[in-house]
Amino acid sequence: MSSAQIEILLVDDNPDDVELAMRALSKHNLANHVEVARDGVEALELLRPDHGGPPSNGYPRLVLLDLKLPRVDGLEVLRQLKASPATRRIPVVVLTSSTEERDLVESYDLGVNSYIQKPLDFDQFVRCVGELGLYWLLLNRQP
């Protein structure tokens, strides 16, 4: 991990989706400080090192979170992030292939900021991720 501030934490175990997301963010010049976590345990370790304080390079400004993850699923990652005073204000966007209504409802019950079903079309996926990055990093104001 670099010493630069993480702008985006991308949590996804699908290498193809990670590559597409990185391409989209790069296209919009938003990929300079992206950290990738391949499962829920890795995401929680990056966000809560030793549970004793912030990561050495700060908290990300945005978390893009898949729900279907190995080891610890995305809903549990979301639950832990929103339960902690240190991380509850970090915007979390669920970016998932899940079409299950219960995932949508539970995500909002847990405090997700946005829930987006991954577009299956390459160009739509790239456009979607790029627009997400632009909105959450450049337009949205955070405390």
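Structure: see above.
Because the structure is a prediction, the values reported are computed rather than measured.

Overview of unusual backbone geometry
No. 1: We note that R71 has phi near 70 degrees; this positive angle belongs to a residue other than glycine.
No. 2: Considering the arrangement of structural elements, one finds R71 in the loop between β3 (62-65) and α3 (74-83).
No. 3: Here R71 falls in the exposed class, since its relative accessible area comes to 63%.

Here's the deal with helix α1 (residues 15-27)
No. 1: A rise of 1.5 Å per residue sets the reference length of α1, with its 13 residues, at 18 Å; its end C-alpha atoms lie 18 Å apart and thus fit the reference within 8%.
No. 2: Those residues of α1 lying buried are D17, V18, L20, A21, A24 and L25. The buried side chains of α1 occupy one side of the element, clustering within an arc of 165 degrees when seen end-on. Looking at α1, the residues exposed on the side facing more than 90 degrees away from the buried face are P15, D16 and K27.
No. 3: In this structure, the buried side of α1 is in contact with β1 (8-11), β2 (34-37) and α5 (122-139).
No. 4: Measuring from the backbone nitrogen of D16 back to the side-chain oxygen at the start of α1 gives 2.8 Å, which picks out N14 as the cap.
No. 5: N29 occupies a position one or two residues after α1 and carries a positive phi of about 55 degrees.

Thresholds applied
- For every chain, the first residue of the written sequence is number 1, and numbering continues from 1 along that sequence.
- Note on the predicted model: pLDDT of at least 70 is required for a residue's local features to be given, and 80 or more for side-chain atom pairs to be given and counted; whole-chain, interface and lining totals, by contrast, use all residues.
- Note: side-chain values were computed over all heavy atoms of the structure, leaving out hydrogens and water.
- Secondary structure is summarised from DSSP: a helix means a run of H or I of at least four residues, a strand means a run of E of at least two, and numbering begins at the N terminus for each.
- For every residue, the accessible area obtained with a 1.4 Å probe (protein chains only) is divided by the maximum for its type, and the residue is called buried under 20%, exposed over 50%, and partly exposed between those limits.
- Helix span is expected to be 1.5 Å times the residue number reduced by one.
- Working definition: the arc comes from the directions between the helix axis and the C-beta atoms, pointing outward to the latter.
- Any two residues whose heavy atoms approach within 4.5 Å at even a single point are treated as in contact.
- Polar contact is the term for a pair of N or O atoms within 3.5 Å; when the atoms are in protein, one must be able to donate a hydrogen and the other to accept it, and sequence-neighboring residues count only if both atoms are side-chain atoms.

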